[in-house]
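Structure assessment
So the chains spell out like this:
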Amino acid sequence: MAKTRTEIHGFVRKLYRFLEQGHQINFKKLRDYRGYIHHDPACNETQAVVTLDHRDNVLSTLIHEAIHYIYPSYTECQVLLLEREIVNGLSDRQVRNIIKRFANSL
């Protein structure tokens, strides 16, 4: 089921907040994954370490890992579904703005 403009906008705002929180973002050639996130929601520490494979689609992988952080109780299937719905629903302008904020967070 496709997300509405309002739902997409709401998620993009959460993604912006995620990027502004100062998480450590690394790039590494990965063998079996496009990326992964190390974060323990039970711990008081709010910082996460995100590792992305630069050889794959960085934008959708960043969104995927942010979903894991924002919704820690989601299963991998739920994360993949939400990632696909978000990526397919983004406007060109939203993509440009996400890339700009992502670059600023590095």
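Please refer to the structure higher up on the page.
The paragraphs below set out a description of the structure included in this document. (Residues numbered from 1 in each chain as written. Predicted model: local features only at pLDDT ≥ 70, side-chain atom pairs only at ≥ 80, totals over all residues. Heavy atoms only, no water.)

1. Remarks on the sheet that holds strand 3 (residues 49–52)
Pairing is mixed in the open sheet, where three strands are placed in the order 1-3-2. Strand pairing shows two members of the sheet lacking a second neighbour, strand 1 (24–27) and strand 2 (35–38), which therefore form its edges. Recorded for the sheet is a direction-independent mean angle of 15 degrees between the axes of neighbouring strands. Here helix 2 (residues 58–70) sits on the sheet and contacts strand 1, strand 2 and strand 3; the angle it forms with strand 2, its principal contact strand, is near 30 degrees. (Pairing = 2+ DSSP bridges. Helix = DSSP H or I, 4+ residues; strand = E, 2+ residues; numbered from the N terminus. Axes fitted to C-alpha atoms, helices over the stretch in contact; angles between N-to-C directions. Contact = heavy atoms within 4.5 Å.)

2. Some remarks on the packing of aromatic side chains
What characterises a pair of aromatic rings is the spacing of the ring centres plus the angle enclosed by the ring planes. According to the stated counting rule, one finds three aromatic pairs in the structure shown. When the centroid spacing of 5.2 Å and the interplanar angle of 55 degrees are considered together, the rings of F18 and Y69 count as tilted. Remark: Y69 occurs in helix 2 and F18 occurs in helix 1 (residues 5–20); sequence separation between them is 51 residues. Given the relative accessible area of 3%, F18 is considered buried. Consider the rings of Y71 and Y74, whose centres lie 4.7 Å apart with planes at 15 degrees: the pair is stacked. Residue classification places Y74 among the partly exposed residues on the basis of a relative accessible area of 30%. In this structure, R101 packs its charged tip against the face of Y16, placed 3.8 Å from the ring centre. (Phe/Tyr/Trp six-rings, centres within 6.5 Å; stacked < 30°, edge-to-face > 60°. Buried < 20%, exposed > 50% of the residue type's maximum accessible area, 1.4 Å probe, protein only. Lys NZ or Arg CZ within 6 Å of the ring centre and 35° of its normal.)

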